[in-house]
Amino acid sequence: DYAREFKNEVKFEAGLKYNDRSEYNKRDQLRNNILIDAISSQYQYGEQVYAAYSNVNMKKNNWSFQLGLRAESRAYAGNILNKYGLDSLPFKTSYPISLFPSAFINYKKNDKEDFQFNYSKRINPPNFFQLLPFPDYSDPQNIQIGNPGLKPQFTHSFEVAYNNAYKKGSNFLATAYYKYSTDLITNYVYRDINRASSTGDSAYFSSSINANTATVYGLELSNKTAVTKWWDLNLSFNLFRSSIQATIPGQNVNNDLTSWFSKMNNTFKLTKTLSFQFSGQYQAKTILPPGGSSSRGGGFGGPGGGFGGPQSTAQGYNLPVYDFDMAIRKEWAIKGGNTASLSFSVNDVFKTRVNKTYSESQYFIQNLTRTRDQQLFRLNFSYRFGKFDMNLLRRKNNKIDDSGSSGMEQMQ
């Protein structure tokens, strides 16, 4: 990474990255402690990612600009070992150099109001499990299998926002957005031979496929305000319409739906050093996780969405889901400027976070329920000493994310 600041508040940044990943996965699947060779397998794969970026930041009067360009190319190669009696089944996928421009423009009307316009093109490559080419029979009613032929999805994102800090401790934000995606990675279900069955019965398999196109557009409103000296309230509401056009084997899909997402967060200052937080969120019936800034899904993206569960689905929809979280935090000031804190939190207080999906085709109607990590309890203690430089953390987050999942690197 390279950065340089010029006169007149102009800053230039640029960087290069090469990432080479090689992994091996072995899965033994058993029934009654007996190994079943027909559905057990070994998998070896490698991935190379080449990327470069440049950013220019500048200010002039009430305007500020950030213009960026990123280039990326990647290659993926896998080899299935000893699968269904085959010694080897190699395959390769490579993506040529793609360019990803971005522009962030801000106009500050006065000390309280400003307008923003953002555009970016992003890539969302398939992750390791979406590419894994052999089935997982651990749940016989919901057999999962990856698709090694998946292509990455590309998304163009446009946003126009108005921000108003109308009084001390309060802020109102309105955002209109439009996202257009090609080769959206979406879930679908098909029928095939069940190799785990001794009688050769068929079964339904859940996999991923590239849709033709997908769009989502909507309006998000959020407001943060200090209701009293001891109560801060943050509310957001996201109304959006999403659409998926896909060609699935044996079925052409044109799926669209209007939906909404809402979130609240309450912070109560019980004392100067003791605070309590209570939050909740609701996702209505949808075919795509919502877009906008307050929703954790961010529009298109594979698994995840606002609740860590709803996914994009071309053959049906996700049913409504809601949950509530709570936390209590105690802080201490220590001599020398050091601080310490102890927090206790509970996720999904009322055990309502149950993700349900409805799918339909000419072969089946399927109702799927997923429940994961209900009522997760956390106890955290932190102790800070010395001076912490936030610029280091911000700089790291603006570069490529080296997450453990293959194909998840993004350079911003």
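Starting from 1, residues in each chain are numbered consecutively following that chain's sequence as written. Since the coordinates come from a predicted model, pLDDT governs what is reported: local features require at least 70, and pairs of side-chain atoms require 80 or more to be given and counted, while whole-chain, interface and lining totals use all residues. Where side-chain values are given, they derive from all heavy atoms of the structure, hydrogens and water being excluded.

Caption draft 1: Spotlight on the environment of Ala52. By definition, any uninterrupted DSSP run of H or I lasting at least four residues is a helix, any uninterrupted run of E lasting at least two residues is a strand, and each is numbered from the N terminus. One can find Ala52 in strand β5 (residues 41–60). Burial classification: accessible surface area is computed with a 1.4 Å probe over protein chains only, and a residue below 20% of its type maximum counts as buried, one above 50% as exposed, and the rest as partly exposed. Assessed through its relative accessible area of 24%, Ala52 is described here as partly exposed.

Caption draft 2: Representation of the packing of aromatic side chains within the structure. What counts as a ring pair is set by centres within 6.5 Å for rings of Phe, Tyr and Trp (its six-membered ring), and what kind of pair is set by the plane angle: stacked under 30 degrees, edge-to-face over 60, tilted for all other angles. This model, assessed by the stated rule, comprises 25 aromatic pairs. Aromatic pair Tyr45 and Tyr76: ring centres 5.4 Å apart, planes at 25°, arrangement stacked. Taken together, the residues Tyr45 in strand β5 and Tyr76 in strand β6 (residues 63–83) connect sequence positions 31 residues apart. The pair Tyr45 / Tyr76 is uniform in exposure class, with both members buried. Whether a charge sits over a ring comes down to the Lys NZ or Arg CZ being within 6 Å of the ring centre and within 35 degrees of the ring normal. Against the face of Tyr317 rests Lys285, its NZ or CZ located 4.0 Å from the ring centre.

Caption draft 3: View of the side chain of Thr225. Note that Thr225 resides in strand β14 (residues 213–228). In protein, a polar contact requires one atom able to donate a hydrogen and another able to accept it; more generally it is a pair of N or O atoms within 3.5 Å, and residues adjacent in sequence count only if both atoms are side-chain atoms. A distance of 2.9 Å separates polar atoms of two side chains, one belonging to Thr225 and the other to Ser170. Once residues lying within four places of it in the same chain are set aside, the contact partners of Thr225 are Tyr166, Lys167, Gly169, Ser170, Trp231, Asp232 and Leu233. By the convention used here, residues are in contact when the closest approach between their heavy atoms is within 4.5 Å.

Caption draft 4: Representation of the sheet that holds strand β21 (residues 355–360). Across the sheet, which stays open at both edges, the three strands sit in the order β18-β21-β22 with antiparallel pairing between neighbours. Two strands close off the open sheet at either side, each with one partner strand: β18 (316–318) and β22 (365–370). Across the sheet, the mean angle from the axis of one strand to that of its neighbour is 10°, orientation sign disregarded. Of the pairings in the sheet, the one linking β18 to β21 comprises three bridges and is antiparallel in character. Pairing of Asn318 across the sheet is with Thr357, part of β21. Two strands pair under a simple rule: DSSP has to find at least two bridges between them. Note on geometry: axes are lines fitted to C-alpha atoms, helical ones only across the stretch in contact, with angles between N-to-C directions running from 0 to 180 degrees.

Caption draft 5: Seen up close, the sheet that holds strand β13 (residues 202–210). One open sheet holds the three strands; their spatial order is β9-β13-β12, and the pairing between them is mixed. The open sheet terminates on both sides in strands that have one partner only, identified here as β9 (143–144) and β12 (185–193). In this sheet, β13 lies alongside β9 in parallel orientation, the contact comprising two bridges. What sits directly across from Gln144, in β13, is Ser206.

Caption draft 6: Region of interest: the confidence of the model for the chain. Across the chain, each position has a pLDDT score giving the predictor's confidence in that residue, from 0 to 100. For the chain, mean pLDDT is 82; residues scoring 70 or higher make up 84% of the total. By mean pLDDT, helix α2 (residues 390–397) is the weakest element of the chain at 56, and strand β17 (residues 274–283) is the strongest at 96. Between residues 292–309, whose pLDDT stays under 50, and residues either more than four places distant or in other chains, the model counts 60 contacts. Ignoring residues within four places in sequence, the model shows residues 397–412, a span with pLDDT below 50, making 51 contacts including any to other chains.

Caption draft 7: Broad picture of a nonpolar patch on the surface. Nonpolar side chains collect at one region of the surface, where Leu270, Ile328, Trp332, Ile334, Leu342, Phe344, Phe377, Leu379, Phe381, Tyr383 and Phe385 lie side by side and expose about 1100 Å² of accessible area between them. Of the residues forming the nonpolar patch, the biggest block, four residues, is contributed by strand β23 (residues 377–384). By the secondary structure assignment, Phe377 is in strand β23. To count toward a patch, a residue needs a relative accessible area above 30% and no salt bridge. Like charges then connect within 9 Å, nonpolar side chains (Val, Leu, Ile, Met, Phe, Trp, Tyr) within 5 Å. The Shrake-Rupley method, run with a 1.4 Å probe sphere, supplies the accessible areas, and residue values consider only the shown protein chains as cover. For salt bridges, the criterion is a side-chain nitrogen of Lys or Arg within 4 Å of an Asp or Glu carboxyl oxygen.

Caption draft 8: Just the pattern of salt bridges, in detail. Throughout the structure, instances matching the rule amount to 11 salt bridges. Residue Arg21 pairs with Glu23 through a salt bridge whose shortest N-O separation is 4.0 Å. For Glu23, a relative accessible area of 31% gives the class partly exposed. Arg353 is the salt-bridge partner of Asp325, the closest N and O atoms lying 3.4 Å from each other. Of this pair, Asp325 sits in strand β19 (residues 321–334) while Arg353 sits in the loop between β20 (338–346) and β21, and the two are 28 residues apart along the sequence. For the pair Asp325 and Arg353, a shared accessibility class is recorded, and that class is buried.

Caption draft 9: Structural view of the pairing of β22. Two strands pair when backbone bridges link them, and β21 and β22 are joined in this way by six bridges, in the antiparallel orientation. Opposite Thr357, over in β22, you have Leu368 as the bridge partner. Here β21 folds back onto β22 in antiparallel fashion, the turn holding four residues.

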